[in-house]
Amino acid sequence: MMLDFCLEAKRGRRMAFSLRGLKVSPNSASLEEARRRTFDFFKSACRSIPAIMEIYNLHDVVTVSQLRSTISSGIRKNAHITNPKVIDVLLFKGMEELNNIVEHAKQRHHVIGQYVLGRGGLVQDLGPKDEGTSEFLKQFYASNYF
C-alpha cells in the first residue's frame, strides 16, 4: 500500500517536472496555429488529470471523465474568439493554472471549488434546506438578522 503511494507520488512529481518544460510561445501566426496550440494544451491537461487526482486525492469526489469534461467546457466557453493574440493569452493563463495545480500550489478545496463544484454548487445544496426545521428558525432565517 505504501509502495503504491510512493510510486504515485513519484509519477506526480514526474508529471510536474515534464510540465515545466511545456511553454506557450508568445505569438501564434494564424488562427489555425492558435487552434492547434489549444488542442495541444487540452491534450496535456487531460494527460495530467491522473496525477492531479492522486495529488489532491479526488477519487472520492469526481471521476476522470468529469474533470475532462470540465476542462473541455472551459475551452469551449471561449470558442467564439477568433483573435490569435487573445487565444494566446488565454492559453498562457490556462498553462499557468495547470502548472499551479500540478505543482501543488493550490489546496484541495480550491481545486474542488473551481473544477468539481463549479458555479452550480453542491448538488445536495440545491434542494429545499428547511424541511426539518421549526417555524421559528424559518422566520429567523428569513429575517434581516441572518
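Refer to the structure presented above.
Quick look at the structure, then. In this numbering scheme, every chain counts its residues from 1 along its sequence in written order. pLDDT decides what is reported in this predicted model: residues at 70 or higher carry local features, side-chain atom pairs at 80 or more are listed and counted, and totals for whole chains, interfaces and linings draw on all residues regardless. Here the side-chain values reflect all heavy atoms present in the structure, with hydrogen atoms and water set aside.

Put simply, DSSP marks the helices as runs of H or I at least four residues long and the strands as runs of E at least two long, and each gets a number from the N terminus on. Of note, Thr-38 is situated in helix H2 (residues 31–56). Exposed residues in this analysis have more than 50% of their type's maximum accessible area, buried residues have under 20%, and partly exposed residues fall in between, with area computed by a 1.4 Å probe over protein chains only. For Thr-38, a relative accessible area of 17% puts it in the buried group. Of note is the side chain of Thr-38, whose polar atom sits 2.8 Å from the backbone oxygen of Ala-34. If we ignore the near neighbours within four places in the chain, the residues touching Thr-38 are Ile-75, Ile-87 and Leu-91. Within 3.5 Å is the distance limit for a polar contact, defined as a pair of N or O atoms, with the added protein rule that one can donate a hydrogen and the other accept it, and that residues adjacent in sequence qualify only through two side-chain atoms. Note on definitions: a residue-residue contact is assigned when non-hydrogen atoms from the two residues lie within 4.5 Å.

Attention now goes to unusual backbone geometry. Unusually for a residue other than glycine, Asn-57 sits at a positive phi of about 55 degrees. Looking at where Asn-57 falls in the secondary structure, it is placed in the loop between H2 and helix H3 (64–76). One non-glycine residue with positive phi stands out, namely His-104, at about 60 degrees. Within the secondary structure, His-104 is located in the loop between helix H4 (84–102) and helix H5 (108–117).

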